[in-house]
There are 2 protein chains.
Amino acid sequence: MGYKHNKEEILDTGYHVLRKNGYHGVGINEILKEAGIPKGSFYNFFKSKEDFAIQVMEHHAMDQGNWITRFFEEAKGTPINNLKSFYETLIALNESDAYSSGCLINVISNEVGRTHDSIAHCANDCFLGWINIISREIKKGQDAGEIRKDYSALEIAEYLHSGSYGAFSRMKVTRSRVYLDIWWDMSFTFIQEQ
Amino acid sequence: MGYKHNKEEILDTGYHVLRKNGYHGVGINEILKEAGIPKGSFYNFFKSKEDFAIQVMEHHAMDQGNWITRFFEEAKGTPINNLKSFYETLIALNESDAYSSGCLINVISNEVGRTHDSIAHCANDCFLGWINIISREIKKGQDAGEIRKDYSALEIAEYLHSGSYGAFSRMKVTRSRVYLDIWWDMSFTFIQEQ
DNA sequence: ATTAAATTAGACCAATTGGTTTAAATCAGA
DNA sequence: TCTGATTTAAACCAATTGGTCTAATTTAAT
């Protein structure tokens with residue numbers, strides 16, 4: 001049967017609350033209330049708030065990583081078209097909260113990346129995981145002659161990652177996807193084989 | 001003679017402290033201690049912490065805007081080379097704190113852009129100011145035949161802004177400029193006239 | 001020199017912070 | 001069914017949070 005509460009659901013609540021409020025923007029008590037668990041359970045599962053945040057990040061990174069992998073597995077188009085629709089989907093996902101939140105890892109790492117080494121390190125690991133998956137599809141695009149080869153697949157993946165994250169940050173202050181769309185259009189023009 | 005303390009020096013301290021710790025990562029008392037002013041003076045100058053943060057952001061945006069303007073005025077090269085050395089300088093500026101902080105406006109807006117509308121709005125205004133200055137140099141580059149013309153100067157400026165900010169976020173979690181360098185190299189390859 | 005406004009100083013406040021503690025309840029395995 | 005570990009529950013803690021308040025001091029203008 002198991003106990004009343006389990007880590008997964010606390011991590012899930014944590015994802016939503018931290019993404020919206022950031023790390024210092026929300027207290028443990030509010031997370032507890034939101035998740036409907038007592039404080040004793042929380043400190044039974046997590047040794048500190050920082051530990052909690054890291055586990056939330058890792059959990060989300062895994063979920064998201066699986067989602068990206070599946071996306072490319074199931075995608076029916078050519079590599080560059082799959083990449084285009086991947087980012088289009090990623091952008092569209094932000095409509096649900098009026099383009100106000102952005103990526104959990106980006107929010108947290110920008111906030112406390114300087115003061116919490118372990119969180120900065122964890123964030124980078126999360127990013128690298130996603131970037132590696134995406135770079136494989138880029139490699140396919142290069143092999144198919146769709147994507148330019150003067151930069152490596154990994155470099156292009158890093159480049160797309162940086163670009164999209166900057167545009168996501170801009171999305172957050174404008175509450176609109178227009179800069180993401182500019183980024184998307186220009187990026188895919190730039191990386192295609194001439 | 002004026003009173004003992006003035007707003008400028010409090011705003012200056014605020015810039016450094018907020019850039020390092022974020023908005024919720026530092027309390028007013030610590031800012032007060034750092035700036036060496038009593039609480040009464042603070043609430044005489046600023047009506048709230050949020051008001052303070054906004055004024056810090058605006059003050060920094062103006063300083064930085066003047067610096068960018070002067071940079072291009074004094075730059076001796078062709079437009080695209082001026083832009084290259086501008087971003088190179090911007091990146092190099094982050095060596096002093098081991099690439100751990102990044103841009104104040106980016107940090108604050110990512111942290112509380114969702115929960116503090118006025119801060120999000122202010123951040124966007126700050127960005128637009130800088131982007132406009134940069135886009136004028138891009139326009140010169142287009143007129144000189146150095147920069148591609150299939151996107152407007154403003155679009156390219158927005159694109160460079162997003163890209164660099166994403167790379168700055170990555171800088172923060174890796175404590176290194178490598179992704180900024182990748183971004184720099186690729187971006188200038190992409191935007192140059194073919 | 002007088003005055004009113006601005007500034008300085010810091011004690012004070014209720015609310016909240018992350019975290020600890022203790023005890024009861026619940027579980028899986030022998 | 002007994003046992004030891006895990007989980008639940010919430011009272012409790014010192015420290016800190018953003019902010020208020022009052023009084024003293026300093027300033028610039030009259």
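Below, the structure is looked at part by part. (Residues numbered from 1 in each chain as written. Chains lettered and ligands numbered in written order. Predicted model: local features only at pLDDT ≥ 70, side-chain atom pairs only at ≥ 80, totals over all residues. Heavy atoms only, no water.)

## Let's talk about the overall build of chain A
How we decide: Numbered from the N terminus, helices here are DSSP runs of H or I no shorter than four residues, and strands are runs of E no shorter than two. For every residue, the accessible area (1.4 Å probe, protein chains only) is compared with the maximum for its type, and the residue is labelled buried under 20%, exposed over 50%, or partly exposed between those bounds. Contacts were defined at the residue level, with two residues in contact if any of their heavy atoms lie within 4.5 Å. Throughout, the Shrake-Rupley method with a 1.4 Å probe supplies accessible areas, and for residues the shown protein chains are the sole cover considered.
Within chain A one finds nine helices and zero strands. Its C-alpha atoms put chain A at 60 × 40 × 30 Å along the principal axes. Scored against the burial criterion, the 194 residues of chain A give a buried share of 57%. Considering only intrachain contacts with a sequence separation of at least 6, the fraction spanning at least 24 residues in chain A is 68%. Only carbon and sulfur atoms are counted for the fraction: they give 50% of the accessible area of chain A, which is about 8,400 Å².

## A closer look at the relation of the copies chain A and chain B
Counted only if it meets this: Least squares is the method for superposing the copies, and the C-alpha atoms it fits come from residues with pLDDT of at least 70 in both.
Rotating chain A by 180° and moving it 0.0 Å along the rotation axis overlays it on chain B with an RMSD of 0.0 Å. In the structure described here, the two chain copies are related by an operation that fits a two-fold rotation axis. In this assembly, 100% of the residues forming the interface of chain A have copies in chain B that are likewise at the interface, indicating an isologous arrangement.

## Looking at the protein's contact with DNA strand D
Inclusion rule: Here a residue is considered near a molecule or strand provided that any single heavy atom belonging to it is located within 4 Å of it. By the criterion applied in these results, polar contacts are pairs of N or O atoms within 3.5 Å in which, for protein atoms, one can donate a hydrogen and the other can accept it, and in which residues neighboring in sequence qualify only through two side-chain atoms.
Close to DNA strand D lie 19 residues, the nearest being His5(A), Gly27(B), Ile28(B), Lys39(B) and Lys49(B). Within 4 Å of the protein, the atoms of DNA strand D are drawn from sugar and phosphate moieties in a proportion of 62%. Within the contact set of DNA strand D, a base oxygen lies 3.1 Å away from a side-chain nitrogen or oxygen of Tyr3(A). A distance of 2.3 Å separates a base oxygen of DNA strand D from a polar side-chain atom of Lys39(B). The set of elements that each furnish at least two residues to the surface near DNA strand D consists of helix H3 (39-45) of chain A together with helix H2 (28-35) and helix H3 (39-45) of chain B. With four residues, the top contributor of residues to the surface near DNA strand D is H3(A).

## Overview of the side chain of Asn94(B)
All names here are of chain B. Checked against the element boundaries, Asn94 lands in the loop between helix H5 (79-92) and helix H6 (104-112). We classify Asn94 as buried; its relative accessible area is 7%. There is a polar contact of 3.0 Å between the side chain of Asn94 and the backbone oxygen of Leu90. Filtering out sequence-adjacent residues up to four positions away, Asn94 remains in contact with Arg19, Tyr99, Gly102, Phe168 and Met171.

## Description of the interface of chain A and chain B
In plain terms, the rule: Defined here as a combined quantity, buried area equals the accessible surface (1.4 Å probe) lost by two parts on assembly, summed across both. The working definition used for a salt bridge is a side-chain nitrogen of Lys or Arg within 4 Å of a carboxyl oxygen of Asp or Glu. Residues are grouped as follows: Ala, Val, Leu, Ile, Met, Phe, Trp, Tyr, Cys and Pro are nonpolar; Asp, Glu, Lys and Arg are charged; all remaining types, including Gly, are polar.
Facing the 49 residues of chain A at the interface are 49 residues of chain B. For the pair chain A and chain B, the summed buried surface comes to about 4,300 Å²; carbon and sulfur atoms form 57% of the total. Per-residue buried area on chain A facing chain B is highest for Asn110(A), Arg114(A) and Tyr159(A); these three make up 18% of the total on that side. Linking chain A with chain B are four salt bridges, by the criterion used here. The salt bridge partner of Glu158(B) is Arg170(A), with a shortest N-O separation of 2.3 Å. Run the count over chain A and chain B and you get 21 residue pairs in polar contact (both at pLDDT 80 or more). Listed by contribution, the elements that provide at least two residues to the side of chain A that touches chain B are helix H1 (7-21), helix H6 (104-112), helix H7 (117-143), helix H8 (153-174) and helix H9 (178-191) of chain A. For the side of chain A that touches chain B, the element with the most residues is H8(A), which contributes 15 residues. Split by residue class, the side of chain A that touches chain B holds 18 nonpolar, 20 polar and eleven charged.

## Brief notes about the protein's contact with DNA strand C
The local shell around DNA strand C holds 20 residues, among which Ile28(A), Lys39(A), Lys49(A), Tyr3(B) and His5(B) are the closest. When atoms of DNA strand C within 4 Å of the protein are split into backbone and base, the sugar-phosphate part holds 61%. Between a base nitrogen of DNA strand C and a side-chain N or O atom of Tyr3(B), the distance comes to 3.3 Å. Gly40(B) has a polar backbone atom sitting 3.3 Å from a base oxygen of DNA strand C. Residue assignment for the surface near DNA strand C shows that the elements contributing at least two residues are helix H2 (28-35) and H3 of chain A together with H3 of chain B.

## Looking at the pattern of salt bridges
Applying the stated rule across the entire model yields 18 salt bridges over all chains. Several salt bridges share partner residues, and in doing so they unite Glu88(A), Arg177(A) and Asp181(A) into one network.

## Comments concerning a negative patch on the surface
Residue and element names in this part refer to chain A. Short version of the rule: Patches draw on residues past 30% relative accessible area with no salt bridge. Two like charges within 9 Å are joined, as are two nonpolar side chains (Val, Leu, Ile, Met, Phe, Trp, Tyr) within 5 Å. Under the counting rule used here, the positive set is Lys and Arg, the negative set is Asp and Glu, and His together with the chain ends is not counted. In plain terms, the charge of a residue is placed at NZ if it is Lys, CZ if Arg, CG if Asp and CD if Glu.
A surface patch of negative charge is lined by Glu8, Glu9, Asp12 and Asp63. Of the residues forming the negative patch, the biggest block, three residues, is contributed by H1. Judged by its relative accessible area of 37%, Glu9 falls in the partly exposed class.

## Side note on the environment of Ala167(A)
Tracing the backbone shows Ala167(A) in helix H8. It is 8.7 Å that separates the C-alpha atoms of Ala167(A) and Asp181(A), two residues lying 14 residues apart in sequence. If sequence neighbours within four positions are ignored, Ala167(A) has contacts with Tyr179(A), Leu180(A), Trp183(A) and Ser162(B).

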